[in-house]
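Each chain is listed here by its residues.
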There are 2 protein chains.
Amino acid sequence: MDGSRKDDLKELLKKSGYKFTDQRSAVLDVLIKHKDSHLSIDDIYNYVKERNPDIGIATVYRTLTLLQKVGAVVKLDLDDGFSRYELSRQDEDHRHHHLICTNCGDVSEVEDDLLDALEEQILEKDGFLVTDHRVKFYGLCKKCR
Amino acid sequence: MDGSRKDDLKELLKKSGYKFTDQRSAVLDVLIKHKDSHLSIDDIYNYVKERNPDIGIATVYRTLTLLQKVGAVVKLDLDDGFSRYELSRQDEDHRHHHLICTNCGDVSEVEDDLLDALEEQILEKDGFLVTDHRVKFYGLCKKCR
DNA sequence: GTTGGTGCAAAATCTTTGCATCTGG
DNA sequence: CCAGATGCAAAGATTTTGCACCAAC
């Protein structure tokens with residue numbers, strides 16, 4: 001199940017003239033293993049070091065930038081001052097949304113989209129062609145209400 | 001027209017035990033003058049210095065943090081690595097959306113909301129009570145299409 | 001073998017903080 | 001007056017970069 005992810009990445013990289021290295025593979029492994037976690041760079045660095053103790057933080061930065069460039073990951077901003085990343089999902093045409101609890105800080109996700117109507121309206125009114133979006137909802141989660 | 005803004009801030013600060021200083025007033029002036037600009041901290045610092053050459057960057061940081069705390073400004077993340085701020089608008093119950101052109105980098109705004117249905121659905125399905133949101137649309141602006 | 005990749009440490013950025021001094025109310 | 005605010009410089013934190021060495025293809 002996860003092997004296909006790796007093959008995909010190998011393919012993606014090769015297509016653009018990049019190499020498939022141990023470090024890149026290890027970063028991908030961490031992202032797969034923690035796919036629901038919105039990891040920060042430092043989180044990723046620390047997890048990767050468990051298996052690959054010699055990796056440098058610079059490589060992690062460079063790897064994530066590259067993975068984002070080839071579309072394998074997406075950068076998130078959860079307003080806590082850290083860059084966070086999550087795997088992009090091939091079955092999504094648009095990004096899912098994040099629910100951020102302003103009380104406990106928990107971050108969950110909603111798969112629903114429902115922005116098509118709005119995007120169509122933006123095209124008509126503003127002439128702006130939407131290709132992607134990033135949506136964050138703030139509020140109170142079930143537990144905190 | 002802008003005097004009311006200042007009175008509002010004075011009021012807001014006083015209410016919470018903060019002082020209305022020249023520096024805070026100057027920062028607000030800059031934000032009012034460039035209300036459609038999504039200024040970075042450094043932009044704000046430089047504009048403020050024109051009138052108030054002795055102000056320190058630390059004061060600008062502290063002021064913006066405070067203004068956000070009392071609800072006078074909103075922090076933006078436009079994915080360029082800078083913290084940006086804009087005045088909050090008292091006539092909005094929800095934030096407007098930003099359209100970010102992935103070709104020329106231009107940032108414009110849409111006032112439409114249309115997320116009420118989605119937010120209601122989130123409450124029913126996830127038990128999450130949405131109080132605010134932040135929405136960014138990526139795509140091609142009129143000029144770049 | 002080439003060309004791109006990696007690790008390390010230094011540098012560059014952005015932001016926060018300690019402290020002496022100043023100022024609004 | 002006095003609590004909060006400011007300016008400055010130093011410290012923190014995050015991210016980027018130069019360079020010699022290494023590894024994928």
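Parameters and conventions
- Residues numbered from 1 in each chain as written.
- Chains lettered and ligands numbered in written order.
- Predicted model: local features only at pLDDT ≥ 70, side-chain atom pairs only at ≥ 80, totals over all residues.
- Heavy atoms only, no water.
- Near = heavy atom within 4 Å.
- Polar contact = N/O pair within 3.5 Å; in protein donor to acceptor, adjacent residues only side chain to side chain.
- Helix = DSSP H or I, 4+ residues; strand = E, 2+ residues; numbered from the N terminus.
- Nonpolar A, V, L, I, M, F, W, Y, C, P; charged D, E, K, R; others polar.
- Buried < 20%, exposed > 50% of the residue type's maximum accessible area, 1.4 Å probe, protein only.
- Arc of directions from axis to C-beta.
- Contact = heavy atoms within 4.5 Å.
- Pairing = 2+ DSSP bridges.
- Axes fitted to C-alpha atoms, helices over the stretch in contact; angles between N-to-C directions.
- Salt bridge = Lys/Arg side-chain N within 4 Å of Asp/Glu carboxyl O.
- Disulfide = S-S within 2.5 Å.
- Patch = residues over 30% accessible without salt bridge, like charges linked within 9 Å, V, L, I, M, F, W, Y side chains within 5 Å.
- Areas by Shrake-Rupley, 256 points an atom, 1.4 Å probe, with all protein chains shown as cover.
- Lys, Arg positive; Asp, Glu negative; His and termini not counted.
- Charge placed at Lys NZ, Arg CZ, Asp CG, Glu CD.

Details of the protein's contact with DNA strand C
Now for step 1: Lining the immediate surroundings of DNA strand C are 18 residues, of which A:Lys19, A:Thr21, A:Thr59, B:Tyr61 and B:Phe82 lie closest.
Now for step 2: Taking A:Arg62, its side chain carries an N or O atom lying 2.8 Å from a base nitrogen of DNA strand C.
Now for step 3: Measuring from a phosphate oxygen of DNA strand C, one finds a side-chain N or O atom of B:Ser83 at 2.8 Å.
Now for step 4: When contributions to the surface near DNA strand C are tallied by element, the ones reaching two or more residues are helix H2 (22-33) and helix H4 (57-69) of chain A together with helix H4 (57-69) of chain B.
Now for step 5: Here the residues of the surface near DNA strand C sort into seven nonpolar, five polar and six charged.

Section: helix H5 (residues 116-126) of chain A
Now for step 1: Among all positions in H5(A), only A:Leu118, A:Glu119 and A:Ile122 are buried. The buried residues of H5(A) all sit within an arc of 100° when viewed along its axis, so they share a single face. Residues of H5(A) that are exposed and angled more than 90 degrees away from the buried face: A:Ala117, A:Glu120 and A:Glu124.
Now for step 2: Summarising the contacts, the buried residues of H5(A) are in contact with strand E6 (129-140) of chain A together with strand E4 (97-101), strand E5 (107-110) and strand E6 (129-140) of chain B.
Now for step 3: Trailing H5(A) by a residue or two, A:Gly127 shows a phi angle of about 70°, which is positive.

A short note on the environment of B:Arg95
Residues and elements named next belong to chain B.
Now for step 1: By secondary structure assignment, the location of Arg95 is in the loop between strand E3 (83-87) and E4.
Now for step 2: A C-alpha to C-alpha distance of 18 Å links Arg95 and Asp79, two positions 16 residues apart in sequence.
Now for step 3: Dropping the residues within four chain positions of it, Arg95 is found in contact with Val74, Glu86, Leu87, Ser88, Arg89, Asp132, His133 and Arg134.
Now for step 4: A distance of 2.4 Å separates polar atoms of two side chains, one belonging to Arg95 and the other to Glu86.

Some remarks on the sheet that holds strand E2 (residues 73-77) of chain A
The strands making up a sheet are joined through hydrogen bonds of the backbone, oriented either antiparallel or parallel.
Residue and element names in this part refer to chain A.
Now for step 1: Read from one edge to the other, the open sheet built from three strands follows the order E1-E3-E2, with strand pairing classed as antiparallel. Strands at the two margins of the open sheet, each flanked by one partner only, are strand E1 (39-40) and E2.
Now for step 2: In the sheet, E1 pairs with strand E3 (residues 83-87) via two bridges, with the strands oriented antiparallel. Within E3, the position partnered with Ser40 by the bridge is Arg84.
Now for step 3: On top of the sheet, H4 reaches E2 and E3; it is set at about 110° to E2, its chief contact.

Description of the pattern of salt bridges
Now for step 1: Scanning the entire structure with this criterion turns up 18 salt bridges over all chains.
Now for step 2: Two residues, A:Arg134 and A:Asp132, come together in a salt bridge whose shortest N-O distance is 3.2 Å.

Quick word on the state of the cysteines
Residues and elements named next belong to chain B.
Now for step 1: Counted under the stated rule, the structure contains zero disulfides over all chains.
Now for step 2: With no disulfide of its own, Cys141 lies closest to Cys144 among cysteine sulfurs, the gap being 3.7 Å.
Now for step 3: Cys104 supplies the cysteine sulfur nearest to Cys144, a cysteine that is in no disulfide, at a spacing of 3.7 Å.
Now for step 4: Given a relative accessible area of 23%, Cys144 falls into the partly exposed group.

Some details on a negative patch on the surface
Now for step 1: Together, A:Asp93, A:Asp116, A:Glu120 and A:Glu124 line one region of the surface with negative charge.
Now for step 2: Inspection of the secondary structure assignment puts A:Asp93 in the loop between E3 and strand E4 (97-101).

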